[in-house]
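Architecture and fold: a report
These are the residues of each chain, in order.
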Amino acid sequence: TFYEEPAWLAHLNPAQREAVTLPMDSHGAILAGAGTGKTNVLTHRIAYAIRGGMEPYAIVAVTFTNKAAKEIKERIARLVGEEAAGKIRLGTFHSLGLKFLRKFGHHIGLERCETAAPMDEDEAVALLRRVMKDRFPDTDLKVEKPKDHYFVISQWKEQGLYVNDVPVQKTASANFTRMLYAAYEAEKKRSQALDFADLVLQSNFVLRHHPEVAAVFHQHLRMVLVDEFQDTNPIQVEFIGHLTGTGHSVPTFVVGDDDQSIYGWRGADAGIMQSFLKRYTPNHLVRLEQNYRCTSTILDAANAVIANNPNRIGKRLWTERQDVGSFQLDIFADAEAEAGAIADRIRNLLADGIPPADIVVLYRKNMLSRGIEKALVFRDIPYRIYGGLNFFQRREIKDALAWLRLVQNPLDEMALFRAIAAPRRGVGAKTIEQWKTMAQKQGVALWDVLHSDKKASIQSFVQIVHRLRQVYEAEGLVVLVKKMLALTKLEQYYITAAKERGEECAENLQELVIAAGVFHHEMRATGLHMESLARTPGDLLSEFLADAVLNSDQGGQKKKEGETVSLMTVHKAKGLEFPYVFLLGLEDGEFPKITQSGFCNLEEERRLFYVAVTRSKFSLFLSCVRNRQSFGYTQDAGDDEAEDGLDSHFVSRFVQEIPAHLLGDAARLVQASSRKLVGSETGSDGDWW
Ligand code: ATP
Ligand code: MG
């Protein structure tokens, strides 16, 4: 080469070095397992190109999350300096799409495109609701819910279907959505708005129809790189395709791992890696097999589990590392014991001087964060939840709490407004204004005005609140929460209204029942509140509500990133690494997740497990519980609970796939559990059932 090789090249292994220094004018791909340095290579390749004289502006690099983009930028800055690193066009698909539309949005009629910003989901649904009211005034918005239609429209857009691409549908309702899609797009255009899906979809539209714009990119771009390529969806791949030109003339470098494809539900396709190789036929396909992240124990476990997936491209990771770290499985009686033990262990690590930022707690579903949050708060350990709200800040929980607040105090107007809209009862801002005026005129509370409203939906609302008050007085907090869910039908409401989040919302609502049970249990156990319990039944509810409010802004979310233990779902942890990893909730049904309707994508769940396990740089603590719901709240009144509750969950089949010698003492328990599991299985070996 005509310039001095950078010293840092020597730190890479030969295969990595090969990938970093591949000719800059050819396509390349890395297909390799977790922790083998794919992201590291991508970073170094960018730095290498810049050192070789490539203009940073001419480089587009796509990452999966903003956090990952930030990390990559920092790594590049260390190699070539901040100024150059700052000029790279680096970001997520959404952020790059927005950047593109801010420059070229006038082609789709965006007038002040320089300042374009997407609506959030609530705003987009509100816009659709307005369209439905204006254009289809006869529609009953309680039946044809704007949000439902919005989700269908969004899904079409994610698939790359523009208004004219959507075929005539089979059902009247679906055809109505199709009509709405057109009206929604027209209104969006009129009001100069963009939704989230537009960022990539509309960019594609401009690039498709304006070859001169695409030509600018082909001319100026020298390199396009994509990390986590296995999880890109078709419109994202199309976007990349446009940037690299019809003949894919811009050198493209993608890195990925088919074993870590975990976004199938969002339209990503595990075969995308193979189809890239077909389309771009990179002259260079590099495989990396040495893992630098994990201990050999963790790798052996990860390799053994993922080996059970059929149709893998197939790779085996190895490591030179000799240190053992720790690897263990603990089986607890219930979720509270699990959370307590994890929090205690974290406290000990911190006491030993381990920085909080080195510790992460991973879980399959957002709702599982609740127990651990509580245990951390109790021990005053600062934590931060990534990509999720604190339990009590979640919308469905706030809705449910609004109902409880109203039961507690019917004069609580904020609670009233919230509860009356969840589920919706066709009460708009106008009605509320009328009520307010009336209340003022008559000098009574809003709640009293509601009683005189003859509308059936309002009457039933009032009745539910009265009924719940009786339930509470007669049967206590836990039954109240259950009855509240039953009478308001909040779960069903969310299952239809929140679509893919629906089931999670319903589970969170169920978790609230559990929270009430735990609270009741604790209050009795500590005896602190016995007096007030005996005196007025109202006190337990108000204390529960106060506890919820306090909890909602606790948890150190205000602390700086480096000062907190991290909590996140496995999905959010992709590409990240931590010395100490706790992976909880390893019961069959929880992980792999099996939905209430019995659906499970076993292969994707297994990849997800593989992602989770391979996040660890040193120690991995796996845990599961015999009974995830075992505080006595399963009995309505919370009376003398049986300590040994029903064994409804068994150890995750993924844990059972870990070689027994790695699990040590716990292996025996796992085997005992697996006998039960086999006995209870339906005999289906397939990945769908
Ligand atoms: P994932 O599949 O999880 O995204 P990855 O393949 O992108 O993993 P990286 O995050 O790039 O892997 O690297 C994993 C770890 O290994 C990092 O801490 C990185 O610094 C380290 N690493 C990578 N290559 C080497 C090397 N040649 N020598 C020493 N450490 C390395
Ligand atoms: Mg990576």
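Nothing here was measured: the structure is a model prediction, and the numbers come from that model.

Reading guide: rules and limits
Residues numbered from 1 in each chain as written. Chains lettered and ligands numbered in written order. Predicted model: local features only at pLDDT ≥ 70, side-chain atom pairs only at ≥ 80, totals over all residues. Core = buried A, V, L, I, M, F, W, Y, C linked by C-beta atoms within 7 Å. Buried ≥ 20, exposed ≤ 12 C-beta atoms within 10 Å, placed from the backbone. Domains from an automatic or database assignment. Contact = placed C-beta atoms within 7 Å. Near = placed C-beta within 6 Å. Nonpolar A, V, L, I, M, F, W, Y, C, P; charged D, E, K, R; others polar. Pairing = 2+ DSSP bridges. Helix = DSSP H or I, 4+ residues; strand = E, 2+ residues; numbered from the N terminus. Axes fitted to C-alpha atoms, helices over the stretch in contact; angles between N-to-C directions. Parallel < 35°, antiparallel > 145°, perpendicular 65-115°, else oblique. UniProt positions renumbered as here; feature names shortened; annotations may be inferred. Expected span 1.5 Å × (residues − 1). Arc of directions from axis to C-beta.

So, on to the nonpolar core. If you look at the biggest cluster of nonpolar residues, it comprises 65 residues, and the most contacted ones within it are Ile 342, Val 361, Leu 362, Ile 372, Leu 583 and Ala 612. The residues that make up this core include at least three from each of domain 1 (7-99 + 201-288) and domain 3 (296-386 + 561-680). In this structure, Leu 362 is in contact with Met 568, Val 570, Ala 573, Val 581, Phe 582, Leu 583, Ala 612 and Arg 615, ignoring residues within four places of it in sequence. Counting 59 residues, the second largest nonpolar core, distinct from the first, contains Leu 22, Leu 194, Ala 197 and Val 226.

So, about the site of ligand 1. If you check the shell around ligand 1, you find 17 residues, and the closest are Gly 37, Lys 38, Thr 39, Asn 40 and Tyr 292. Here the residues of the shell around ligand 1 are counted per class, giving 3 nonpolar, 10 polar and 4 charged.

Turning next to the sheet that holds strand S2 (residues 59-62). Sheets are built from strands paired through backbone hydrogen bonds, the pairs being either parallel or antiparallel. Taken in spatial order, the 6 strands line up as S3-S2-S4-S5-S1-S6 in an open sheet, and their pairing is parallel. Every interior strand has two partners, whereas the edge strands, strand S3 (89-91) and strand S6 (284-288), have only one. Direction aside, the axes of adjacent strands within the sheet are offset by 10 degrees on average. Of the pairings in the sheet, the one linking S2 to S3 comprises 3 bridges and is parallel in character. Of the residues in S3, the one forming a bridge with Val 62 is Gly 91. The strands that helix H2 (residues 38-51) touches are strand S1 (28-32), S2, strand S4 (223-226), strand S5 (252-256) and S6; relative to S5, the one it contacts most, it runs at about 160 degrees.

Time to look at the environment of Ala 304. Tracing the chain through its elements places Ala 304 in helix H13 (residues 296-306). Not counting chain neighbours up to four residues away, the residues in contact with Ala 304 comprise Glu 657, Ile 658 and Pro 659.

Time to look at the packing of H13 against helix H26 (residues 602-613). Closest axis-to-axis distance for the H13/H26 pair is 9 Å, and the angle between their directions is 175 degrees. If you check the angle between H13 and H26, you find them roughly antiparallel. Packed against H13, whose contacting residues are Ile 298, Ala 301, Ala 302, Val 305 and Ile 306, the element H26 presents Arg 606, Phe 609, Tyr 610 and Val 613 at the interface. When grouped by side-chain class, the residues that make up the contact of H13 with H26 number 8 nonpolar, no polar and 1 charged.

Within the secondary structure, Lys 482 sits in helix H21 (residues 477-488). Taking the C-alpha atoms as reference points, Lys 482 and Leu 509, separated by 27 residues in sequence, lie 9.4 Å from one another.

What follows concerns the sheet that holds strand S8 (residues 359-363). Reading across from one edge, S7-S12-S11-S8-S10-S9 is the order of the 6 strands in this open sheet, with parallel pairing throughout. The open sheet has two edge strands with one neighbour each: strand S7 (326-334) and strand S9 (383-385). With strand direction ignored, the average angle separating the axes of adjacent strands in the sheet is 20 degrees. Where S8 lies against strand S10 (residues 565-569), 4 bridges are found, and the strand directions are parallel. What sits directly across from Tyr 363, in S10, is Thr 569. Those strands touched by helix H14 (residues 335-351) are S7, S8, S10, strand S11 (578-583) and strand S12 (616-627), and its axis lies near 145 degrees from that of S7.

Our focus in this paragraph is the UniProt feature "binding site: ATP" (unreviewed entry) in the chain. In the numbering adopted here, UniProt assigns the feature "binding site: ATP" (unreviewed entry) to Ala 32, Gly 33, Ala 34, Gly 35, Thr 36, Gly 37, Lys 38 and Thr 39. As for its position among the elements, Ala 34 is in the loop between S1 and H2. Not counting chain neighbours up to four residues away, the residues in contact with Ala 34 comprise Asp 257, Gln 260, Asn 291, Val 611 and Thr 614. Tracing the sequence through the fold places Thr 36 in the loop between S1 and H2. When sequence neighbours within four positions are dropped, the list of residues in contact with Thr 36 reads Leu 288, Glu 289, Gln 290, Asn 291 and Leu 317.

This part covers helix H8 (residues 172-190). The end-to-end C-alpha distance of H8 is 27 Å, a good match for the 27 Å that 19 residues give at a rise of 1.5 Å each. All of the buried residues in H8 are Thr 177, Leu 180, Tyr 181 and Tyr 184. Buried residues along H8 cover an arc of 120 degrees about the axis, so they all sit on one side. Those residues of H8 that are exposed and angled more than 90 degrees off the buried face are Ala 172, Met 179 and Arg 190. In the segment just after H8, Gln 192 is the residue with positive phi, at about 60 degrees.

Below, the discussion takes up the environment of Thr 171. For Thr 171, the location among the structural elements is in the loop between helix H7 (146-158) and H8. In this structure Thr 171 comes out as exposed when scored by C-beta crowding, with 8 C-beta atoms within 10 Å.

Moving on to unusual backbone geometry. Cis peptide bonds are those with omega within 30 degrees of zero, and the linkage from Ala 422 to Pro 423 qualifies with -10 degrees. Topologically, Pro 423 is positioned in the loop between helix H17 (413-420) and helix H18 (429-442). Look at the link from Phe 591 to Pro 592: it is a cis peptide, with omega at 5 degrees. Of note, the phi angle at Lys 489 is positive, near 55 degrees, even though the residue is not glycine. Inspection of the secondary structure assignment puts Lys 489 in the loop between H21 and helix H22 (490-497).

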